[in-house]
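So the chains spell out like this:
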Amino acid sequence: MDEWIERLARALGEEPLTQPEVGAILKMAREVAHGVERKGAPLATFLAVVHAGTQAVAGVRRQQALARAVEAARDLMPPQQDEGPVPGHQG
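**Q** I tried to follow the environment of Val49 on my own but got confused; where do I start?
**A** Counting through the fold element by element, Val49 comes out in helix 3 (residues 40–57). Between the C-alpha atoms of Val49 and Ala65, which are 16 residues apart in sequence, the distance is 8.7 Å.

Rendered as structure tokens:
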């Protein structure tokens, strides 16, 4: 997948994603999918990337802009529900 994503970045005339960016994007998508709704993950990712691009044009480093978008998504996540003990589990 990494090679394909790198080829896509080049085809779009963009810098390839760094490993920290990949990690942050995938983690945010996973958190949104599990904490909000599965179909929200690609939409949240799209908005985060749009924000990062807009901010980069304004002179903000891409990594900083992406970090801000991820932080905003986390701030808006609903609190995790305590699912309680697993039935039949002693602990």
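**Q** Sorry, what's going on with the packing of helix 2 (residues 19–35) against helix 3 here?
**A** Two measures define how a pair of helices packs: the angle their axes make with one another and the distance between the axes. It is the contact of helix 2 with helix 3, at a shortest axis distance of 8 Å, that shows an interaxial angle of 140°. Our classification of the angle between helix 2 and helix 3 gives oblique. Crossing angle aside, the handedness with which helix 2 passes helix 3 is right-handed. In this structure, helix 2 uses Ile25, Met28, Ala29, Val32 and Ala33 to contact helix 3, whose residues at the interface are Gly40, Ala41, Ala44, Thr45 and Ala48. Looking at the contact of helix 2 with helix 3 residue by residue, the classes come out as eight nonpolar, two polar and no charged.

**Q** Is there a simple way to think about the packing of helix 2 against helix 4 (residues 62–76) in this case?
**A** At a minimum axis distance of 10 Å, the contact between helix 2 and helix 4 shows a crossing angle of 15°. Classified by the angle their axes make, helix 2 and helix 4 are roughly parallel. For the crossing formed where helix 2 meets helix 4, the hand is left-handed. Side by side, helix 2 and helix 4 meet where Glu21, Ala24, Ile25, Lys27, Met28 and Glu31 of the first sit next to Arg62, Gln63, Leu66, Ala69, Val70, Ala73 and Arg74 of the second.

**Q** Which parts of the structure should I look at to understand helix 2?
**A** Given 3.6 residues per turn, any residue in an α-helix points the same way as the ones three and four places further on. Taking 1.5 Å per residue as the helical rise, helix 2 with its 17 residues ought to reach 24 Å, and the 24 Å between its terminal C-alpha atoms agrees with that figure. For helix 2, the complete set of buried residues consists of Glu21, Val22, Ile25, Met28, Ala29, Val32 and Gly35. In this structure, the buried residues of helix 2 make contact with helix 3 and helix 4.

Thresholds, definitions, all that
- Residues numbered from 1 in each chain as written.
- Predicted model: local features only at pLDDT ≥ 70, side-chain atom pairs only at ≥ 80, totals over all residues.
- Heavy atoms only, no water.
- Helix = DSSP H or I, 4+ residues; strand = E, 2+ residues; numbered from the N terminus.
- Axes fitted to C-alpha atoms, helices over the stretch in contact; angles between N-to-C directions.
- Parallel < 35°, antiparallel > 145°, perpendicular 65-115°, else oblique.
- Left-handed = near helix turned anticlockwise from the far one by under 90°.
- Contact = heavy atoms within 4.5 Å.
- Nonpolar A, V, L, I, M, F, W, Y, C, P; charged D, E, K, R; others polar.
- Expected span 1.5 Å × (residues − 1).
- Buried < 20%, exposed > 50% of the residue type's maximum accessible area, 1.4 Å probe, protein only.

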